[in-house]
Amino acid sequence: MTNLAVNPSILKTVPLFALFSDHQLAALFPAIQHRSYPRHSFMLRAGERSDALYIILSGRAKIVIDDGEGREVTLTTIGASEFFGEMSLIDEKPRSASVEALEPCEVLYISKPAFMACLKDNFDAAMLILKSVVSRLREADRKIASLALMDVHGRVARLIMDVAHESGDQWIVDTGSEEMARMVGASREMVSRVLKDMRDSGLIRRDKRKIIVLDRASMDQRGAVR
Ligand code: CMP
């Protein structure tokens, strides 16, 4: 991890900080560090006690829980403008999960006391955090439902619909099959079999490490919780 100088103009590019007045930002400024993490490094680990909020400026990270014996589940992946570490900040319990950089990541690290003091005077910023936590809870509810109610075909279809991004006129998934397996709670072999099946039935096409979704309507139907 490397510490970089904080550029005040960066703060204005972060949606959460756009809700703070210049006066509040000036008070917060000394409590902010600009950090840079290499790929595959852990920005925080489950179980740690810590007192800071992180906001991603660039790069992607995954949120994981492992069983200490090499098996892990990826709860979700997050990217630019998203924050993490708010749960321990709010309930003062140890970190609920680990956060690993999937790509080189630049983050703002904001120490708890200054951030909480700012939040006290800013209802809109507190609501933004609350909305994000609620949206993560909704997402977690959907995941619980899909794990309990769907077979691996359905779970992979749901995941593909969730992570596919539009590029030109194509819908592309660049999550590898190993990562997909961790996200749907299945073995890599099983996920590869499902992807082969989807390819044989014309739902997807493989292009090197990427998956191109050819039939979004059928994929959506396969991934629907009924
Ligand atoms: P905290 O518990 O402080 O440290 C780990 C962080 O991972 C947590 O705060 C959240 O920011 C994030 N996190 C944990 N679970 C989820 C989830 N299900 N979805 C999105 N983010 C999560």
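Report on the accompanying structure. (Residues numbered from 1 in each chain as written. Predicted model: local features only at pLDDT ≥ 70, side-chain atom pairs only at ≥ 80, totals over all residues. Heavy atoms only, no water.)

To continue, consider the sheet that holds strand E7 (residues 83-84). Read across the sheet, five strands follow the order E1-E2-E9-E4-E7 without closing on themselves; strand pairing throughout is antiparallel. Two strands in the sheet have a free side with no partner beyond their single neighbour: strand E1 (2-4) and E7. Both E1 and strand E2 (residues 32-37) contribute to a ladder of three bridges, which runs antiparallel. Across the sheet, the residue bridging to Leu4 is His34, located in E2. (Pairing = 2+ DSSP bridges. Helix = DSSP H or I, 4+ residues; strand = E, 2+ residues; numbered from the N terminus.)

Here we take up the pairing of strand E4 (residues 52-58). Walk down a regular strand and you will see the side chains alternate between the two sheet faces. By the criterion of burial, E4 is predominantly enclosed, with five of the seven residues buried. For E4 and strand E9 (residues 105-111), the ladder comprises six bridges, and the chain directions are antiparallel. The residue of E9 that forms the bridge with Tyr54 is Tyr109. Bridge analysis of E4 against E7 gives two bridges, and the strand direction is antiparallel. Among the inter-strand pairings, Tyr54 is bridged to a residue of E7, identified as Phe84. (Buried < 20%, exposed > 50% of the residue type's maximum accessible area, 1.4 Å probe, protein only.)

Our next topic: the pairing of strand E13 (residues 210-213). Looking at chain direction, strand E11 (residues 170-173) and E13 are connected through three bridges and run antiparallel. Residue pairing across strands places Ile172 opposite Ile212, the latter belonging to E13. Examined bridge by bridge, strand E12 (residues 204-207) and E13 share four bridges and lie antiparallel to one another. For Arg206, the partnering residue across the bridge sits in E13 and is Ile211.

This part is about the site of the ligand. Of all residues adjacent to the ligand, which total 13 residues, the nearest are Gly85, Glu86, Ser88, Arg95 and Ser96. Interatomic distance of 2.7 Å between a side-chain N/O atom of Ser88 and an oxygen atom of the ligand. Within the side chain of Ser96, an N or O atom sits 2.7 Å from an oxygen atom of the ligand. Here the ligand, which alone exposes 460 Å², has 91% of that area covered by the protein. (Near = heavy atom within 4 Å. Polar contact = N/O pair within 3.5 Å; in protein donor to acceptor, adjacent residues only side chain to side chain. Areas by Shrake-Rupley, 256 points an atom, 1.4 Å probe, with all protein chains shown as cover.)

To continue, consider the packing of helix H6 (residues 123-149) against helix H7 (residues 152-163). For the pair H6 and H7, interaxial distance at closest approach is 10 Å and the crossing angle is 155°. On the basis of their axis angle, the class for H6 and H7 is roughly antiparallel. In the crossing of H6 with H7, the sense of the turn from one axis to the other is right-handed. Within the contact between the two elements, H6 uses Glu139, Arg142, Ser146 and Leu147 and H7 uses Arg155, Arg158 and Asp162. Classifying every residue of the contact of H6 with H7 by side-chain character gives one nonpolar, one polar and five charged. (Axes fitted to C-alpha atoms, helices over the stretch in contact; angles between N-to-C directions. Parallel < 35°, antiparallel > 145°, perpendicular 65-115°, else oblique. Left-handed = near helix turned anticlockwise from the far one by under 90°. Contact = heavy atoms within 4.5 Å. Nonpolar A, V, L, I, M, F, W, Y, C, P; charged D, E, K, R; others polar.)

Assignment of secondary structure puts Arg95 in the loop between helix H4 (86-91) and strand E8 (98-101). Of the side chains bearing the opposite charge, Glu48 lies closest to the buried Arg95, which forms no salt bridge; the N-O distance is 5.3 Å. For Arg95, the side chain forms a polar contact with the main-chain oxygen of Gly85, separated by 2.9 Å. Here Arg95 is in contact with Leu44, Arg45, Ala46, Gly47, Glu48, Ser50, Asp51, Ala52, Tyr54, Gly85 and Ser88, once residues within four sequence places are set aside. (Lys, Arg positive; Asp, Glu negative; His and termini not counted. Salt bridge = Lys/Arg side-chain N within 4 Å of Asp/Glu carboxyl O.)

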